[in-house]
There are 2 protein chains.
Amino acid sequence: MSLRPWDPYEQDCPSRRLLDRIGDRWTVLIVVALDPGPQRFSALAARVGGISQKMLTQTLRSLERDGFVTRTLYPEIPPRVEYELTTLGRSLLGPLRALEEWAVENMSEVVVHQGEYQATH
Amino acid sequence: MSLRPWDPYEQDCPSRRLLDRIGDRWTVLIVVALDPGPQRFSALAARVGGISQKMLTQTLRSLERDGFVTRTLYPEIPPRVEYELTTLGRSLLGPLRALEEWAVENMSEVVVHQGEYQATH
DNA sequence: CAGGATCCTGTCAGATACTG
DNA sequence: CAGTATCTGACAGGATCCTG
């Protein structure tokens, strides 16, 4: 029973791999934070509020490894490091913005449902 | 420094709340699995390969709580339960399909980058 | 400044057994 | 069939201290 060449029901399909890759708390937020342009480590930490230094480093490393982000070290004193989206990384912004728009338009309704559910359970 | 009414840099914005809600391993996969129409518990378990019964139950409960899914119990013997996307749930399919298309088109490139990174580090 | 290393903790998530 | 309950290991992720 094969439906499409890459059906999300298959465990090893692109959709699953993407979810495994960006389906964590921080990756998406960092990609969006890099939208306006290159950012320094400390600037990113400030934009993505609530992230620990460790998680920021870790997530940036895997984003770099997967080709979403480039890391540029300027050997000055004190050292400066800038992170920037690659073409691949920027291409992901489109779908992410669609999700963002959905959130802005619909998340209030989710809260309403949560309240109703609370009332009846 | 307020940029837009709901900036993802803010910790309490719709985007963050959505990510907190669907940013786990299973939620998105279950929503997509419900795309074709109402599904029974066991059918869902089969489609979403690799999910444990516990996680399926848990994720369905929160999807129901948030108004993405309805749960209908048919008091037969043996009992039958069907899960179906609500209008809200179906509205999420659009943005998700955009992500799916991105994955199909670009995930192979991610794998290439992973290989290159491995080679240089 | 941008992290590396270490320790510590909660939560996620699987396995198993039981029930209406 | 479609769950619930309980136990358990694994790991995500925070706090803290240290360095080129």
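Please refer to the structure placed before this passage.
Cut-offs and rules
Residues numbered from 1 in each chain as written. Chains lettered and ligands numbered in written order. Predicted model: local features only at pLDDT ≥ 70, side-chain atom pairs only at ≥ 80, totals over all residues. Heavy atoms only, no water. Near = heavy atom within 4 Å. Polar contact = N/O pair within 3.5 Å; in protein donor to acceptor, adjacent residues only side chain to side chain. Pairing = 2+ DSSP bridges. Helix = DSSP H or I, 4+ residues; strand = E, 2+ residues; numbered from the N terminus. Core = buried A, V, L, I, M, F, W, Y, C linked by side-chain atoms within 4.5 Å. Buried < 20%, exposed > 50% of the residue type's maximum accessible area, 1.4 Å probe, protein only. Contact = heavy atoms within 4.5 Å. Phe/Tyr/Trp six-rings, centres within 6.5 Å; stacked < 30°, edge-to-face > 60°. Lys NZ or Arg CZ within 6 Å of the ring centre and 35° of its normal.

Neighbouring residues of DNA strand C: 18 residues in total, closest A:S42, A:Q53, A:R71, A:Y83 and B:K54. Within 4 Å of the protein, the contacting atoms of DNA strand C are 57% sugar and phosphate, with bases supplying the remainder. The side chain of A:Q53 places a nitrogen or oxygen atom 2.3 Å from a base nitrogen of DNA strand C. Measuring from a base oxygen of DNA strand C, one finds a side-chain N or O atom of B:K54 at 2.4 Å.

Strand pairing within a sheet occurs via backbone hydrogen bonds; the two strands may be parallel or antiparallel. All names here are of chain B. What the 3 strands build is an open sheet, ordered β1-β3-β2; its pairing is antiparallel. A strand with exactly one partner marks an edge of an open sheet, and here the two such strands are β1 (39-40) and β2 (69-74). The pairing of β1 with strand β3 (residues 80-85) spans 2 bridges and is classified as antiparallel. Along β3, the bridge assignment pairs Q39 with Y83.

All right, on to the pairing of strand β2 (residues 69-74) of chain A then. Residue and element names in this part refer to chain A. Pairing analysis gives 6 bridges linking β2 to strand β3 (residues 80-85), with the strands arranged antiparallel. Paired with Y74 across the bridge in β3 is R80. The hairpin turn running from β2 into β3, its antiparallel successor, is 5 residues long.

Core analysis: the largest hydrophobic core is formed by 63 residues, its most contacted members being A:I30, A:F68, B:I30 and B:F68. Excluding residues within four positions of it along the chain, B:F68 makes contact with A:W102, A:V110, B:L63, B:E84, B:L85, B:T86, B:L88, B:G89 and B:L92.

Take the packing of aromatic side chains next. Summed over all chains, the structure comprises 2 aromatic pairs over all chains. Taken together, a centroid distance of 6.0 Å and an interplanar angle of 25° make the contact between A:W102 and B:F68 stacked. With A:W102 in helix α6 (residues 93-120) and B:F68 in the loop between α4 (53-65) and β2, this pair bridges two chains. For A:W102, a relative accessible area of 5% corresponds to the buried category. Take B:F68: its relative accessible area is 1%, and that puts it in the buried class. One cation-aromatic arrangement involves A:R80 over A:Y74; the distance from NZ or CZ to the ring centre is 4.1 Å.

This is a description of form; function is not addressed.
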